[in-house]
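# Residue-level structure breakdown
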Amino acid sequence: MKKNFIVAVIFSLLANLGLKADEGMWLPSLLEKLNEKEMQDLGMRISAKDIYDINNSSIKDAIVHFGGGCTAEIVSDQGLVITNHHCGFGAIQKHSSIEHDYLTDGFWAMSKKEELPNKDLTVTFLVRMDDVTDAVLNGVDDKMKAEERNKKISENIKAVKENATKDTHYGAIVKPFFYGNQYYLFVTETFKDVRLVGAPPSNIGKFGGDTDNWVWPRHTGDFSIFRIYANKDNQPAEYSEDNVPYTPKHHLPISLKGIKEGDFTFVFGYPGRTQEYLPSFAVENIAIKRNPNKINLRNKRLSIFKRYQNANDTVRIQYASKAARVANYWKKMIGESKGIKRLHAINKKENFQKKFIQWANETPQRKEKYGNLIPEFKDLYEEILPYEIGRDFLFEAGLGVEIVNFSGKFRNLAKLSKEKKIDKEKLEKDKPKLIAAIEGFFKDYYEPIDREAFVALMQDYYDNAPAEFKPAFFSIIKEKYDGNISKYAKHVFEKSIFNKKEKLEDLVNNFSKSKAKKLAKDPALIMFNDLINLYYSRINKEINRLSDELNKLQKIYVQGLMEMQKDKTFYPDANSTLRISYGKVSAFKPADGVQYKYYTTLEGIMEKENPEIYDYVVEDRLKDLYNSKDYGQYADPEDGKIHVAFIANNHTTGGNSGSPVLNADGQLIGVNFDRCWESTMSDLVYDPDLCRNITLDIRYCLFIIDKFAGAKHLVEEMSIIK
Ligand code: ARG
Ligand code: GLU
């Protein structure tokens, strides 16, 4: 009953009035009902069916989830895809060494034969999506105990998935929306042979580096190119020389016409996670109480990385990917906390909550359902906070030490010391994986960095973590090492096997019971085990229990919000499912007295150029093209310049990287790659005046491919609209 009511509420909002052009990440299958009219009012010239259609090919058939974390789009009838440089970064880095430094020099396959396979890289298409709320909640009611309820839901989900994929090679995912008020099924098709086709040098693909990351005005040529391969029947297959380029149902035409302020745009991709419907207490926990500690711990690691990277080229390559990963969310958190304060978001949420309580108290039914929600939230968020802080320390400091983290891979091996007989067969089976893990770890490991990071991180952890969340080895540090972290570090690095490659390989190749015994006493592994034990005994269970309770409240809260704001159309939080955001190309004011333009140009790259600063080196070849104004068809028709990036008010988040940004006709005009720093609180609170996504202008991307890299054959594969 209740469930049907909620669904009715959600859908009764269809004929709504108050749609906003900017905020929201919408489900493609509901576009026709919820958004088409507004999108067309904003200038869109295609229909919702052109974007998502299960019976005919549509734009959705050109969109893939790339490597599970990014988005990419198909731009030729031979399975060519574009994504960001930072999304292809791992693959590019893995193919790189001092001899073939594709990170620094770029990489261009001049024929299909030269395209490079990538183990473990996949792309996933959405075949179709369906509302399966009724099937998933069949036999479930809110009075059931959490355990029983979750069990029933899991069973139902399993059946839905089996049913959807029977006799096919498809995969299926079922995800909750609006905290379990709705469920959707996603039927997917995953390709496993994805090859690297092209990447610009880092001083284009990562121009501005971590200095400019999250910042507008921006000049990063953040793209890389891959190709999907299929078997002879155009179906997914493991890598094989016999595979052929995939023939897609749809590929995006590319517009060279350019973009103007106010133009309609939409972004089609896989946003990862937003939390727009949290109460004030939750936002305060994230932005005020937790981010600063995480930022501080990452500061420590990053400054160590940087010092060694600047001093040594091998180390610079080894730590490029790691540093980028740590730096990215470090900077995002800084922006997010600032943005929350600047918007007075907590205060605004508190005021809203007062109104909510008033509204809830207006009728007895509401009072019963919603009357206590806000104080209950307050208590639970207070209760969960220390556990979350304990977890933050554990992940950011404890597992921030590389050998400790790495030792975890050998945990099962060490456990064999307790077994009567070692299962030789299983051991042989696990061996290749472990040998590969050792190879991978040491390729990018530089011990002096890890030693320093160990001391810096453990000191902070030791001094500042709440007493009840300190791992067991802290008492060893206290008793045996007088609280001296450096001495303890010396001991760990001397005695552990996890910083000694040959020994570790020998251990795996000639494994024995006595080696297992020694392994079980390895100081790095002991640290890992202490951390994991702490996590499972004191942190994880409590966080899960409290999160379950919070989710239950959130589910009811969202129902209340919808009931209270009848004329508002709600979009579900991002959850790594395919979404559409739409809005307009628009400039903004980041601060009092400052006005930003909506686009940047090659001029700006020349202005930023500084051969002394790694992030701002400009390649001679690019300077030559700039000086000779050899821009071909890629210059803007109006000002004759090369436009590099532009901003718009599409609501995006992490995971939208690599997403196509399309114009009113559904043609590709750019590749999404970032948000402005002033916008990064939009995962919690969206503000139309401040929130802008940053897009690479597709004309700059093609200019680099054609004029800079001389890979014109790739542009010739694409469908270019002049
Ligand atoms: N901020 C962008 C995103 O969240 C780009 C990250 C990669 N670039 C970097 N300099 N770390 O993914
Ligand atoms: N760079 C982000 C990504 O990798 C997108 C930026 C954002 O969070 O909006 O998905």
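Rules used in this analysis
- Residues numbered from 1 in each chain as written.
- Chains lettered and ligands numbered in written order.
- Predicted model: local features only at pLDDT ≥ 70, side-chain atom pairs only at ≥ 80, totals over all residues.
- Heavy atoms only, no water.
- Disulfide = S-S within 2.5 Å.
- Helix = DSSP H or I, 4+ residues; strand = E, 2+ residues; numbered from the N terminus.
- Buried < 20%, exposed > 50% of the residue type's maximum accessible area, 1.4 Å probe, protein only.
- Near = heavy atom within 4 Å.
- Polar contact = N/O pair within 3.5 Å; in protein donor to acceptor, adjacent residues only side chain to side chain.
- Areas by Shrake-Rupley, 256 points an atom, 1.4 Å probe, with all protein chains shown as cover.
- Nonpolar A, V, L, I, M, F, W, Y, C, P; charged D, E, K, R; others polar.
- Expected span 1.5 Å × (residues − 1).
- Bend = angle between axes of the 7 residues up to and from the residue.
- Axes fitted to C-alpha atoms, helices over the stretch in contact; angles between N-to-C directions.
- Parallel < 35°, antiparallel > 145°, perpendicular 65-115°, else oblique.
- Left-handed = near helix turned anticlockwise from the far one by under 90°.
- Contact = heavy atoms within 4.5 Å.
- Core = buried A, V, L, I, M, F, W, Y, C linked by side-chain atoms within 4.5 Å.
- Salt bridge = Lys/Arg side-chain N within 4 Å of Asp/Glu carboxyl O.
- Pairing = 2+ DSSP bridges.
- Phe/Tyr/Trp six-rings, centres within 6.5 Å; stacked < 30°, edge-to-face > 60°.
- Lys NZ or Arg CZ within 6 Å of the ring centre and 35° of its normal.
- pLDDT = per-residue confidence, 0-100.

### Quick word on the state of the cysteines
- Throughout the structure, instances matching the rule amount to one disulfide.
- Between the sulfur of Cys70 and that of Cys87 lies a disulfide, 2.2 Å long from S to S. Note on the Cys70 and Cys87 pair: the S-S dihedral is about -80°, so by sign convention the disulfide is left-handed. On the criterion of sequence distance, the pair formed by Cys70 in strand 2 (residues 70–74) and Cys87 in helix 5 (residues 85–94) is long-range, its members being 17 residues apart.
- The class for Cys70 is buried, based on a relative accessible area of 13%.
- Residue Cys87 is classed as buried on the basis of its relative accessible area, which comes to 14%.
- Between Cys676, a cysteine without a disulfide, and Cys691, which holds the nearest cysteine sulfur, the sulfur-to-sulfur distance is 9.0 Å.

### Details of the site of ligand 1
- Taken together, His86, Lys206, Gly209, Asp210, Asn213, Trp214, Ala324, Asn328, Ser657, Phe673 and Asp674 make up all the residues around ligand 1.
- Take Asp210: an N or O atom from its side chain is 2.7 Å from a nitrogen atom of ligand 1.
- Between ligand 1 and Asn328, the relevant distance is 2.9 Å, taken from a nitrogen atom to a side-chain nitrogen or oxygen of the residue.
- For ligand 1, whose free accessible area comes to 340 Å², the fraction covered by protein is 90%.
- Of all elements in the fold, only helix 10 (209–212), helix 13 (320–342) and strand 20 (668–675) reach the threshold of two or more residues within the shell around ligand 1.
- Split by residue class, the shell around ligand 1 holds three nonpolar, five polar and three charged.

### Quick look at helix 16 (residues 373–396)
- Compared with an ideal rise of 1.5 Å per residue, which puts 24 residues at 34 Å, helix 16 spans 32 Å between its outermost C-alpha atoms and is within 8% of the ideal.
- Where helix 16 bends most, the angle comes to about 30°, and this point is Leu385, followed within four residues by the proline Pro386.

### Describing the packing of helix 16 against helix 20 (residues 447–464)
- It is at 10 Å that the axes of helix 16 and helix 20 come closest, and there the two elements cross at 160°. Classified by the interaxial angle, the pair formed by helix 16 and helix 20 is roughly antiparallel. Regarding helix 16 and helix 20, the two cross each other, and that crossing is left-handed. Residue-level inspection shows Phe393, Leu394 and Glu396 of helix 16 in contact with helix 20, the latter providing Leu457, Asp460, Tyr461 and Asn464.
- When the residues that make up the contact of helix 16 with helix 20 are grouped by side-chain class, the tally is four nonpolar, one polar and two charged.

### With respect to the side chain of Thr600
- Following the sequence through the fold, Thr600 ends up in strand 17 (residues 599–601).
- Residue classification places Thr600 among the buried positions, given a relative accessible area of 5%.
- Excluding anything up to four places from it in sequence, Thr600 contacts Trp216, Pro217, Arg218, His219, Ile642, His643, Val644 and Ala645.

### Quick word on the nonpolar core
- By size, the foremost hydrophobic cluster in this structure holds 221 residues, and its most contacted members are Leu622, Tyr700 and Ile705.
- If we skip the residues at most four places from it in the chain, Leu622 touches Ile204, Leu602, Ile605, Met606, Tyr700, Phe703, Ile704 and Phe708.
- By size, the runner-up hydrophobic cluster in this structure holds 14 residues, among which are Leu137, Val160, Ala164 and Val174.

### A word on the pattern of salt bridges
- Tallying each qualifying case throughout the model produces 50 salt bridges.
- Between Arg307 and Glu452 there is a salt bridge; the shortest N-O distance is 2.8 Å. Of this pair, Arg307 sits in helix 11 (residues 280–311) while Glu452 sits in helix 20; the two residues are 145 residues apart in sequence, bridging distant segments of the chain.
- One salt bridge connects Glu362 with Arg366, and the closest N-O pair in it is separated by 3.1 Å.
- The class for Glu362 is exposed, based on a relative accessible area of 56%.
- Among the residues examined, Arg366 registers a relative accessible area of 19% and is labelled buried.
- Shared partners join several salt bridges into a network, and the residues in it are Arg290, Glu388, Arg391 and Asp392.

### A look at the site of ligand 2
- Every residue close to ligand 2 is listed here: His86, Trp214, Thr653, Gly654, Gly655, Asn656, Ser657, Phe673, Asp674 and Arg675.
- Within the contact set of ligand 2, an oxygen atom lies 2.9 Å away from a backbone nitrogen or oxygen of Gly654.
- Interatomic distance of 2.9 Å between a backbone N/O atom of Phe673 and a nitrogen atom of ligand 2.
- Expressed as a share of its isolated accessible area of 290 Å², the protein-covered part of ligand 2 is 93%.
- Per element, the largest residue contribution to the shell around ligand 2 is three residues, and it comes from strand 20.

### Some points on the pairing of strand 7 (residues 171–177)
- In terms of strand pairing, strand 7 meets strand 8 (residues 182–191) through seven bridges, oriented antiparallel. From the neighbouring strand, Ala172 faces strand 8, where its bridge partner is Val187.
- Hairpin connection, strand 7 to strand 8: the antiparallel pair is bridged by four residues, and Phe178 has positive phi, about 50°.

### Details of the packing of aromatic side chains
- A complete count under the given rule lists 47 aromatic pairs for this structure.
- With a centroid separation of 4.7 Å and an interplanar angle of 25°, the aromatic rings of Phe441 and Tyr445 are classed as stacked. Grouping residues by exposure puts Phe441 and Tyr445 together as buried.
- Relative to Tyr488, the ring of Phe473 has its centre 6.3 Å away and its plane inclined at 10°; by these criteria the two rings are stacked. Placement of the pair is Phe473 in helix 21 (residues 473–480) and Tyr488 in helix 22 (residues 485–495), with a sequence separation of 15 residues. As far as the burial class goes, Phe473 and Tyr488 line up, both buried.
- Through successive ring pairs, a cluster of aromatic residues spans Phe393, Phe454, Tyr461, Tyr462, Phe473, Phe474, Tyr481, Tyr488 and Phe493.
- In this structure, Arg195 packs its charged tip against the face of Tyr229, placed 3.6 Å from the ring centre.
- We note Lys206 situated over the ring of Phe89; from NZ or CZ to the ring centre the distance is 6.0 Å.

### Comments concerning the confidence of the model for the protein
- Averaged over every residue, the pLDDT of the protein is 95; the share at 70 or more is 97%.
- Across residues 7–19 the pLDDT falls below 50, and counting only partners more than four positions away or on other chains, this stretch makes 26 contacts in the model.

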